[in-house]
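Examination of the molecular architecture
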Amino acid sequence: MSSMEGKVAVVTGAASGIGKEIAFELARAGAAVAIADLNHDGAQAVAAQIEQAGGRALGLAMDVTDEAAVNAGIEAVVQRFGGLDVLVSNAGIQIVNPIEQFAYADWKKMLAIHLDGAFLTTKAALLHMYRDDGSGNSRGGVVIYMGSVHSHQASPLKSAYVTAKHGLLGLARTLAKEGGRRGVRSHVVCPGFVRTPLVDRQIPEQARELGISEDEVIGKVMLGNTVDGVFTTVEDVARTVRFLAEFPSAALTGQSIVVSHGWHMQ
Ligand code: NAD
């Protein structure tokens, strides 16, 4: 039997990049996986790929900043698969600008997607994770937030992103304490730079803002602090999420796990 057979996972922002690979990895581990994303067609395409490979999946349209949409989406997952065991709060965007030029609307949008989205999906998921499983105990579960090396360090131009990613540490640690007695664990996974659409868009933007070439953005800004000059991959991050999702006890909870080729060491 696969390690996550019978488990149900929701991954937000899973129509692309890191979230998409996490959805595939959890499905390979045996979980039924809901792919929740603003991009409904993309979410359905990922779900279809999982089902073609013999897994169980559901593609959902969800804006993680919309409380009603989040609640309805989580409810649809529970209706379809009978419960919820794993939430991976991964949806995210990037907006880079120096603070004095950072539009307030962009700041609010960043915090809404990264922090409000994490809060709203967590709140909706806990309703089911805390529910009595019939034996007098909670069903339990695990909530994994997609942080970043920027949960621990700052970089110029990324005020909103760094603030939001640091904030996720606080949410995860609070949930670890509140959820401990009810079988809910919580972590933040903190990748270094991963070549996804989110990062590809930043390369020309950062080159322009920092006045350096695109090669220098890659070599110095993105990989300069790594031990081997290598990008972290979506597979590296997905494997780490799976390990944390599968871990059987609260010996491991409230942690931040950095996956970054040494870009940040804690
Ligand atoms: P990506 O752009 O490839 O994918 C992000 C997904 O999130 C997209 O499918 C998008 O439609 C979805 N999304 C955006 N706003 C949403 C919303 N309001 N509601 C629902 N879905 C929404 O990006 P990625 O690189 O895979 O990033 C995923 C996560 O990983 C983000 O939280 C990001 O901050 C984090 N991260 C990325 C890197 C990296 O180097 N790529 C490094 C560290 C952390």
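For the structure, see preceding data.
Everything in this summary refers to the structure shown in the same document. The structure displayed is predicted, hence computed values, not measured ones. (Residues numbered from 1 in each chain as written. Predicted model: local features only at pLDDT ≥ 70, side-chain atom pairs only at ≥ 80, totals over all residues. Heavy atoms only, no water.)

**Some thoughts on the nonpolar core**
- Within the largest apolar cluster, 34 residues are counted, with the highest numbers of intra-cluster contacts made by Val10, Val77, Leu84, Met129 and Tyr145.
- Within the residue set of this core, elements represented by two or more residues are strand E1 (8–12), strand E2 (32–37), strand E3 (57–61), helix H3 (67–81), helix H4 (104–129), strand E5 (141–146), helix H5 (159–179) and strand E6 (184–191).
- Discounting chain neighbours no more than four positions away, the residues touching Leu84 are Val8, Ala9, Val10, Ile74, Val78, Ala125, His128, Met129, Arg139 and Gly140.
- Counting 33 residues, the second-largest nonpolar core is a separate cluster that includes Met4, Val194, Val237 and Ala245. (Core = buried A, V, L, I, M, F, W, Y, C linked by side-chain atoms within 4.5 Å. Buried < 20%, exposed > 50% of the residue type's maximum accessible area, 1.4 Å probe, protein only. Helix = DSSP H or I, 4+ residues; strand = E, 2+ residues; numbered from the N terminus. Contact = heavy atoms within 4.5 Å.)

**Some points on the packing of aromatic side chains**
- Scanning the entire structure with this criterion turns up two aromatic pairs.
- One residue, Arg182, lies across the ring of Tyr130, its end atom 3.8 Å from the ring centre. (Phe/Tyr/Trp six-rings, centres within 6.5 Å; stacked < 30°, edge-to-face > 60°. Lys NZ or Arg CZ within 6 Å of the ring centre and 35° of its normal.)

**Quick look at the packing of H4 against H5**
- Put simply, H4 and H5 touch, their axes get as near as 8 Å, and they point 20° apart. Between H4 and H5, the interaxial angle falls into the category roughly parallel. Of the two elements, H4 crosses H5, and the hand of that crossing is right-handed. For the pair H4 and H5, contact is made by Trp107, Met110, Leu111, His114, Leu115, Ala118, Phe119, Thr122 and Leu126 and by Ser159, Ala160, Tyr161, Thr163, Ala164, Lys165, Gly167, Leu168, Leu171 and Leu175, respectively.
- Residue classes in the contact of H4 with H5 are distributed as 13 nonpolar, five polar and one charged. (Axes fitted to C-alpha atoms, helices over the stretch in contact; angles between N-to-C directions. Parallel < 35°, antiparallel > 145°, perpendicular 65-115°, else oblique. Left-handed = near helix turned anticlockwise from the far one by under 90°. Nonpolar A, V, L, I, M, F, W, Y, C, P; charged D, E, K, R; others polar.)

**Observations concerning the pairing of E1**
- Most of E1 sits inside the fold, with five of its five residues counted as buried.
- Judged by which residues are buried, E1 turns out to be covered on both faces: Val8, Val10 and Thr12 on one side and Ala9 and Val11 on the other are all buried.
- As paired elements, E1 and E2 share five bridges and run parallel to each other. Of the residues in E2, the one forming a bridge with Thr12 is Ala36.
- In this structure, E1 lies alongside strand E4 (residues 86–89), joined through three bridges in parallel fashion. Looking at E4, one finds that Val11 is bridged to Val88. (Pairing = 2+ DSSP bridges.)

**Re the environment of Gly140**
- Considering the arrangement of structural elements, one finds Gly140 in the loop between H4 and E5.
- For Gly140, a relative accessible area of 4% gives the class buried.
- Along the backbone, Gly140 and Ile35 are 105 residues apart, and their C-alpha atoms lie at a distance of 21 Å.

**Some points on the layout of surface pockets**
- Each pocket or cavity is described by its volume, and for the largest pocket that value is around 730 Å³.
- Lining the largest pocket are 38 residues, and of these Asn90, Ala91, Gly92, Ile93 and Leu198 sit closest to its centre.
- Of all elements in the fold, only helix H1 (17–28), E2, H4, H5 and helix H6 (197–210) reach the threshold of two or more residues within the lining of the largest pocket.
- Ranked by the residues each element gives to the lining of the largest pocket, the list is headed by H6, at five residues.
- Residue composition of the lining of the largest pocket, grouped by class: 18 nonpolar, 15 polar and five charged.
- For the lining of the second largest pocket, the secondary structure elements donating two or more residues are E5, E6 and helix H8 (234–246). (1 Å grid on protein atoms, 1.4 Å probe; cavity = no way out; pocket = protein on both sides within 12 Å on 5 of 7 lines; lining within 4 Å. Points joined across faces, edges and corners; volume = space filled by probe spheres on them.)

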